[in-house]
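Coordinate analysis (summary)
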Amino acid sequence: MSAPSMYVLDQFMANQSLVSGLNFDRKAIEKAVKRALDLDVLDIRPIRRGADSLTLNVELSDGTEVIARTMGALTSMSRIESEVATMQYICQRLPEIPAPIVLYQDNHMLLMEKMPGVLLSTIWTTLSRYDKRKIVEQVAEWMVELFNHRFDEMGSLYWDGTLEFFIGPMVSDAFCGGARGPLELDRGPWHTTTDYFFACAQRELDLSRSLDAGNASAQYKMMISVQRDAVEQSMDLLVDIVTRCRCLDDDDPDLAPFAIDLEDFGPRNLFVDPDEPSTIV
């Protein structure tokens, strides 16, 4: 299927934005490209539409391409800033892990280097057992490298715009996704694992207590009540277990510091060499 015309894409995004809050703005992308690279935009085509973002391929006047990502208005700036900081951290501190360079960030839009290769998820079922094993081994090695980068607090990674990285509030789905986003939750950062688990328990309690059945049927209200009771019991149990684990935070000093965990380290976010599919690019 050929790439849609800009008119079709503009109409598509105008309709989608009414529902999702995503808004494709060609002029904003052109301005960002001009500011970051001093180049003109020749063409823009959509690649993937996620729950809260739209990924686009941008063709430039010098024949090269970059990736633009537009995030919905409901996506917090903290989440975007942490995503940028994580990519910057990997590029600077773990150059052996190939990650895209962020070229530009402005509010809810990013410009990133376009990585070479093909998306692993699109060819995984066609790969040999040997190629699959090599890919898994490579990812495992990178996970070990990430684990060796330790921090004194738990939260999400941020960047101060110079050379310093720091830990700030958690922006994962568990704390910011869906109905959790607007809630006033303890999102850290936390100095101990115990504090983190207590915050998780309180998060689930606050979420369940925020559910409002409104004018729903008696049957639906009963279901909400049963679910709320189940959450209350489960979180009471979690708090009790954590309280009893007195050595949770200092039993093993070598493991006590926190390490980086990339939640999206998977086939839909890895690109491989089409000629050597066991090579992650």
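In this text the structure is predicted, and so the values were computed from the model without any measurement.

Working definition: the strands of a sheet are paired by backbone hydrogen bonds and lie parallel or antiparallel to each other. On the basis of which strands lie adjacent, the open sheet formed by five strands has the order β1-β2-β3-β5-β4 and antiparallel pairing. In the strand order of this sheet, the two ends are held by β1 (41-49) and β4 (102-106), each with one partner. Averaged over neighbouring strand pairs, the angle between their axes works out to 20° when direction is ignored. Inspection of the sheet shows strand β2 (residues 53-60) paired to strand β3 (residues 65-71) by seven bridges, in the antiparallel sense. What sits directly across from Glu 59, in β3, is Glu 65. The sheet strands contacting helix α3 (residues 77-93) are β3, β4 and β5 (109-113), and the helix crosses β4 at an angle near 165°.

Each aromatic ring pair is summarised here by two numbers: the centre-to-centre distance and the angle between the ring planes. As enumerated under the stated definition, the model contains eight aromatic pairs in all. Here Tyr 158 and Phe 166 contribute two aromatic rings whose centre-to-centre distance is 5.7 Å and whose plane-to-plane angle is 20°, an arrangement assigned as stacked. When the centroid spacing of 6.3 Å and the interplanar angle of 25° are considered together, the rings of Trp 159 and Phe 165 count as stacked. Judged by relative accessible area, Trp 159 falls into the partly exposed class, the value being 28%. Every member of this aromatic cluster is reached through a ring pair, and the members are Tyr 89, Phe 151, Trp 159 and Phe 165. Of note, Arg 203 hangs over the ring of Phe 175, and the distance from its end group to the ring centre comes to 4.5 Å.

Here the protein averages 83 in pLDDT, while 88% of its residues score no lower than 70. The model gives residues 1-21 a pLDDT under 50, and that stretch makes 24 contacts with residues more than four places away or in other chains.

What follows covers the nonpolar core. Side chains that are nonpolar tend, in soluble globular proteins, to be buried together. Residues Tyr 89, Ile 97 and Ile 280 are the most contacted members of the largest nonpolar core, which totals 21 residues. When contributions to this core are tallied by element, the ones reaching two or more residues are α3, α4 (129-147) and β9 (165-168). At four residues, α4 tops the list of elements feeding residues into this core. The residues contacting Ile 97, other than those within four sequence positions of it, are Ile 90, Trp 142, Leu 146 and Phe 265. Residues Ile 29, Ala 32, Met 109 and Leu 111 belong to the second largest nonpolar core, which totals 15 residues.

Calculation notes
- Residues numbered from 1 in each chain as written.
- Predicted model: local features only at pLDDT ≥ 70, side-chain atom pairs only at ≥ 80, totals over all residues.
- Heavy atoms only, no water.
- Pairing = 2+ DSSP bridges.
- Helix = DSSP H or I, 4+ residues; strand = E, 2+ residues; numbered from the N terminus.
- Axes fitted to C-alpha atoms, helices over the stretch in contact; angles between N-to-C directions.
- Contact = heavy atoms within 4.5 Å.
- Phe/Tyr/Trp six-rings, centres within 6.5 Å; stacked < 30°, edge-to-face > 60°.
- Buried < 20%, exposed > 50% of the residue type's maximum accessible area, 1.4 Å probe, protein only.
- Lys NZ or Arg CZ within 6 Å of the ring centre and 35° of its normal.
- pLDDT = per-residue confidence, 0-100.
- Core = buried A, V, L, I, M, F, W, Y, C linked by side-chain atoms within 4.5 Å.

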